[in-house]
Amino acid sequence: IAGESIRFEATAADLEDPLDVLELRWEFFALDGDRIDPNPRVPNPPPVTGALATDVAFANVGDVAYRAIFTATDRGGASASQSVEIFVLAQPVQ
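Residues numbered from 1 in each chain as written. Predicted model: local features only at pLDDT ≥ 70, side-chain atom pairs only at ≥ 80, totals over all residues. Heavy atoms only, no water.

### Observations concerning the overall build of the protein
Just so we agree on the cut-off: Secondary structure elements follow DSSP: runs of H or I no shorter than four residues count as helices, runs of E no shorter than two count as strands, and numbering proceeds from the N terminus. Throughout this description, buried means an accessible area under 20% of the type-specific maximum (1.4 Å probe, protein chains only), exposed means over 50%, and partly exposed covers the range between. The criterion used for residue contact is that any of the two residues' heavy atoms lie within 4.5 Å. Only the protein chains shown count as covering a residue, and every accessible area follows the Shrake-Rupley method with a 1.4 Å probe. Positive: Lys, Arg. Negative: Asp, Glu. His and the chain ends are not part of the count. Working definition for charges: the position is that of NZ of Lys, CZ of Arg, CG of Asp or CD of Glu.
When you go through the protein residue by residue, the secondary structure sums to 0 helices and 7 strands. Taken along its principal axes, the extent of the C-alpha atoms in the protein is 50 × 25 × 20 Å. Within the protein, buried positions represent 31% of all 94 residues. A separation of at least 24 residues holds for 62% of the contacts in the protein among residues at least 6 apart in sequence. As displayed, the protein offers around 6,100 Å² of accessible surface, 50% of which is attributable to carbon and sulfur atoms. Charged side chains of the protein number 6 positive and 15 negative; the gap between the two group centres comes to 5 Å.

This is the structure in structure tokens:
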């Protein structure tokens, strides 16, 4: 529900680099259909770096779909990303 925190968690591992040196980044984007909306009604939540888990509250602008993307990058610049799409409701389902 919009305005309430949603917890996102991920795991990351690298064969050469320990977890504490990986660059970790969460990004959140409003969607327009199945694509990232270039002009969302309100700014997207800011990126979060350096964490495997984060709590994010989305603005109450009606029912909006978002894509959350987690990326881990090693010292050599190799990276991997995973994403999940969520639907944030303006009001609870009755």
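### What to know about the pattern of salt bridges
For clarity, the cut-off: We count a salt bridge whenever a side-chain nitrogen from Lys or Arg sits within 4 Å of a carboxyl oxygen from Asp or Glu.
Within this structure, the stated rule accounts for 5 salt bridges. For the salt bridge of Asp55 with Arg7, the shortest nitrogen-to-oxygen distance reads 3.1 Å. Of the two residues, Asp55 is situated in strand S5 (residues 53-57) and Arg7 in strand S1 (residues 5-9); the sequence distance between them amounts to 48 residues. The class for Arg7 is partly exposed, based on a relative accessible area of 48%. Put simply, Arg67 and Glu85 hold a salt bridge, and the shortest N to O gap is 2.6 Å. Taken as a pair, Arg67 in strand S6 (residues 64-73) and Glu85 in strand S7 (residues 79-88) lie far apart in primary sequence, 18 residues in all. On the accessibility criterion, Glu85 (48% relative accessible area) is partly exposed. One network of salt bridges, with partners in common, ties together Arg7, Glu9 and Asp55.

### Notes on the side chain of Asp74
Structurally, the position occupied by Asp74 is in the loop between S6 and S7. Salt bridges are absent for the buried Asp74, whose nearest opposite-charge side chain, Arg75, sits at 7.5 Å. Not counting the four nearest positions on each side in its chain, Asp74 is found in contact with Asp14, Glu16, Asp17 and Leu22.

### Some remarks on the side chain of Arg67
The following threshold applies: Within 3.5 Å is the distance limit for a polar contact, defined as a pair of N or O atoms, with the added protein rule that one can donate a hydrogen and the other accept it, and that residues adjacent in sequence qualify only through two side-chain atoms.
The class of Arg67 is buried, set by a relative accessible area of 16%. From its side chain, Arg67 meets the backbone oxygen of Asp34 in a polar contact 2.9 Å long.

### Some details on the pairing of strand S2 (residues 23-32)
Remark: a regular strand shows side chains that alternate across the two faces of the sheet. Put simply, the rule reads: Whether two strands pair depends on DSSP finding at least two bridges between them.
Relative to S6, S2 runs antiparallel, the two sharing 8 bridges. Residue pairing for S6: Leu24 is matched across the bridge by Ala72. As paired elements, S2 and strand S4 (residues 48-49) share 2 bridges and run antiparallel to each other. Note on S4: the bridge partner recorded for Trp26 is Val48.

No statement about biological role is implied by the geometric values presented.
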